[in-house]
Amino acid sequence: RRIDRINRSEIRKMREAIKLVLVFMGVLEVVYILMFQYTVVDKSSIPPADTIRGIDHTPDAIMKQVIRVLPTSIEQEESSSTSYQRIETTNTSASVSASTHNTTAGVMNTSTGKVVQEQVHHHPQIKPTDLIYRKQKKRRRMTRWESPFVVEDYKLIFFHIPKVGCTEWKLMIRLMMGFPPHDTSADITNSLHDPALNGLAYLSDFAIEDVQHMMTSDEWTRAVFLREPKERILSAFLDKFVQHSNFCDRCAKDKDKGKAKGKTLKLKCQQKSQEKDFSYFLTNALACREEHRNHWLPQYHMVDAKWWPYINFVGYLDDNASAHAKRLLESLTQVSNLNGNGNLNGNGKNAWEEYGTSGWGRKGEDAFLARQGNSYHSQNARGKLRQHYTACTEAFVEKHWGSEWGEEGNDFFRFDKFLLFNDTTSSEDG
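All of these numbers come straight from a predicted model, not from anything done at the bench. (Residues numbered from 1 in each chain as written. Predicted model: local features only at pLDDT ≥ 70, side-chain atom pairs only at ≥ 80, totals over all residues. Heavy atoms only, no water.)

Participant: Can you explain the overall build of the protein chain? Please cite residues and give values.
Facilitator: A tally of regular secondary structure across the protein chain gives 13 helices and 6 strands. Counting every position in the protein chain, which comprises 430 residues, the buried fraction comes to 41%. When contacts within the protein chain are restricted to residue pairs at least 6 apart in sequence, long-range pairs at least 24 apart make up 66% of them. (Helix = DSSP H or I, 4+ residues; strand = E, 2+ residues; numbered from the N terminus. Buried < 20%, exposed > 50% of the residue type's maximum accessible area, 1.4 Å probe, protein only. Contact = heavy atoms within 4.5 Å.)

Participant: Can you tell me about the side chain of R174, naming the residues and giving the values?
Facilitator: Its place among the elements puts R174 in helix 4 (residues 166-176). Once residues lying within four places of it in the same chain are set aside, the contact partners of R174 are F179, P180, H182, L192, N198 and L200.

Participant: Would you mind going over the pairing of strand 5 (residues 221-226) in detail, with residue names and values included?
Facilitator: By the criterion of burial, strand 5 is predominantly enclosed, with 6 of the 6 residues buried. Judged by which residues are buried, strand 5 turns out to be covered on both faces: T221, A223 and F225 on one side and R222, V224 and L226 on the other are all buried. Here strand 4 (residues 156-159) pairs with strand 5 via 4 bridges, running parallel. Looking at strand 5, one finds that L156 is bridged to T221. (Pairing = 2+ DSSP bridges.)

Participant: Which residues make up unusual backbone geometry, and what are the values?
Facilitator: Of all residues except glycine, most have a negative phi; of all peptide bonds, most are trans. One non-glycine residue, K276, lies in positive phi territory at about 55°. As for its position among the elements, K276 is in the loop between helix 8 (259-274) and helix 9 (278-285). Judged by its relative accessible area of 47%, K276 is partly exposed. For L369, which is not glycine, the phi torsion reads 65° and is therefore positive. In this fold, L369 is placed in the loop between helix 11 (351-356) and helix 12 (381-385). The exposure class of L369 is buried, given its relative accessible area of 7%.

Participant: Explain helix 9 to me, using residue names and the numbers behind them.
Facilitator: For helix 9, a buried count of 6 out of 8 residues is recorded, marking the element as mostly surrounded by other parts of the structure. Among the residues of helix 9, those classed as buried are F278, Y280, F281, L282, N284 and A285. Where helix 9 begins, the capping side chain belongs to D277, and its oxygen is found 3.2 Å from the backbone nitrogen of S279. (Polar contact = N/O pair within 3.5 Å; in protein donor to acceptor, adjacent residues only side chain to side chain.)

Participant: How would you summarise the packing of helix 6 (residues 229-243) against helix 9 if you had to cite specific residues and measurements?
Facilitator: Orientation of helix 6 relative to helix 9, taken along the N-to-C sense of each, is 95°, at an axis distance of 11 Å. With respect to each other, helix 6 and helix 9 are oriented roughly perpendicular. Of the residues in helix 9, those in contact with I233, L234, A236, F237 and F241 of helix 6 are F278, Y280, F281 and L282. Residues belonging to the contact of helix 6 with helix 9 are distributed by class as follows: 9 nonpolar, no polar and no charged. (Axes fitted to C-alpha atoms, helices over the stretch in contact; angles between N-to-C directions. Parallel < 35°, antiparallel > 145°, perpendicular 65-115°, else oblique. Nonpolar A, V, L, I, M, F, W, Y, C, P; charged D, E, K, R; others polar.)

Participant: So what's going on with the packing of helix 4 against helix 10 (residues 321-330)? Residues and values would help.
Facilitator: Between helix 4 and helix 10, the shortest axis-to-axis distance is 14 Å and the interhelical angle comes to 20°. Our classification of the angle between helix 4 and helix 10 gives roughly parallel. Crossing of helix 4 against helix 10: the hand is right-handed. Where helix 4 abuts helix 10, its residues W169, M172 and M176 lie against A325, L328 and L329. For the contact of helix 4 with helix 10, the class distribution of residues is 6 nonpolar, no polar and no charged. (Left-handed = near helix turned anticlockwise from the far one by under 90°.)

Participant: Explain the state of the cysteines to me, using residue names and the numbers behind them.
Facilitator: Disulfides are covalent bonds that link the sulfur atoms of two cysteine residues. For the structure on display, the rule yields 2 disulfides. Here C248 is linked by a disulfide to C269, with a sulfur-sulfur distance of 2.1 Å. Given an S-S torsion of about -85°, the disulfide between C248 and C269 has left-handed geometry. Of the two residues, C248 is situated in helix 7 (residues 246-250) and C269 in helix 8; the sequence distance between them amounts to 21 residues. Residue C251 pairs covalently with C288 via a disulfide, S to S 1.9 Å. Taking the sign of the S-S torsion, about -75° here, the bridge from C251 to C288 comes out left-handed. Of this pair, C251 sits in the loop between helix 7 and helix 8 while C288 sits in the loop between helix 9 and strand 6 (313-316), placing them 37 residues apart in sequence. Assigned by exposure class, C251 and C288 land together as buried. For the protein chain, the bonded cysteines connect in the pattern 1-3, 2-4 when numbered consecutively along the sequence. (Disulfide = S-S within 2.5 Å.)

Participant: An account of the environment of R134 is requested, with residue identities and associated values reported.
Facilitator: Mapped onto the elements, R134 comes out in the loop between strand 2 (115-121) and helix 3 (139-142). Overall, the relative accessible area of 18% leaves R134 in the buried class. For the pair R134 and E146, spaced 12 residues apart in the sequence, the C-alpha separation amounts to 8.3 Å.

Participant: Just give me the short version of the environment of S336, but keep the residues and values in it.
Facilitator: Structurally, S336 is set in the loop between helix 10 and helix 11. Judged by relative accessible area, which is 60%, S336 ranks as exposed. S336 sits 183 residues away from D153 along the chain, and the two C-alpha atoms are 7.4 Å apart.

Participant: Provide a residue-level description of helix 13 (residues 391-400), including the pertinent values.
Facilitator: Buried within helix 13 are the following residues: T393, E394, V397 and E398. Buried positions in helix 13, seen along its axis, are confined to an arc of 140° and lie on one side of it. Residues of helix 13 that are buried in the fold lie against helix 6 and helix 9. (Arc of directions from axis to C-beta.)

Participant: Explain the sheet that holds strand 6 residue by residue, including any values.
Facilitator: Spatial strand order, 3-4-5-6: 4 strands in an open sheet with mixed pairing. A strand with exactly one partner marks an edge of an open sheet, and here the two such strands are strand 3 (149-151) and strand 6. For this sheet, the mean angle separating the axes of adjacent strands, direction not counted, is 20°. Contacts from helix 10 reach strand 4, strand 5 and strand 6, with the element oriented near 160° to strand 6.

Laid out in structure tokens, this is it:
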């Protein structure tokens, strides 16, 4: 009897062990089937869905499912191996575009069972050291130029570049944020251009997780205005070197190696300013410290290279500046004025209708960025540039501001390079 009880106990344990093995094998097979559902190019050899869903989990039923599926498993494995190989080869050979940050991936079309190619986006990550987001100890320097403006109500990020209509755009952004019209008759230097006083929101004010979404989401408009490089540099020269003393107060001191020498350099700079020496300005502008040279820094250097492809609107400060601004502002409507379908509620107006059609100019009768008789880019612009440029200074600008014309990896924008002086220009122009 004792022997019988021992035998029956052993047999019972063996049966339990066999059941566990069968259950384990069944689970493995279900996993294999699920894998085949997403990798096999031809689905004809895959068991019906009822072998996976609604399955009887008893050992006998699982064994029947295993026996029914096993004969085709080898073929399925070969097919899935071929499918994986094709996808991996495609991925390896796929070129990753710097402008779209896409790679190719294989995805199963559930209706046809075919593997189709799909674009997968790999967005760059925002970092605290990025130009558009970095924070310095002094807020005035932190967001003066590098960090763009943010208008949450319009889902707008505006990349403002010095000497490209910045004052006008700051006035416009304030209106869009709900501020009253700015008193342009007063001295606006210490208010409108001071981040601590102008009331504007900057990208660096937001949490890094929110900025990541704002910089990559299709819901947001990321806009920038650009200006012809030679004209922009000349504008900086006339404003910061000839008309005001900013350049000599800041850049002439960058080479100081003592009080006496510093005073001498500043006096020399002031003399050159009176002489309107453009060549002197260009040479010393390159040596000026980073925080003081934003007005003539190449526009391409004002935004991190990895973020240029994510700017989805580009306008230009030229004869058609008002038309470019209108195109941008007409595309912007307050989020509160949109219904669930993205359509306007009631009599909602876009930003151009609300703020851009009038109220600008000296008499307040012009549209935004429309200056009567004083175009940003007059028809005789090249003739005016020749009053200050020489063949040598033009070549100097084209060399050291080369990114404006598509060099230094700039594939995002490229100005047409025009020559103020042809090859026959006499050497005395230099």
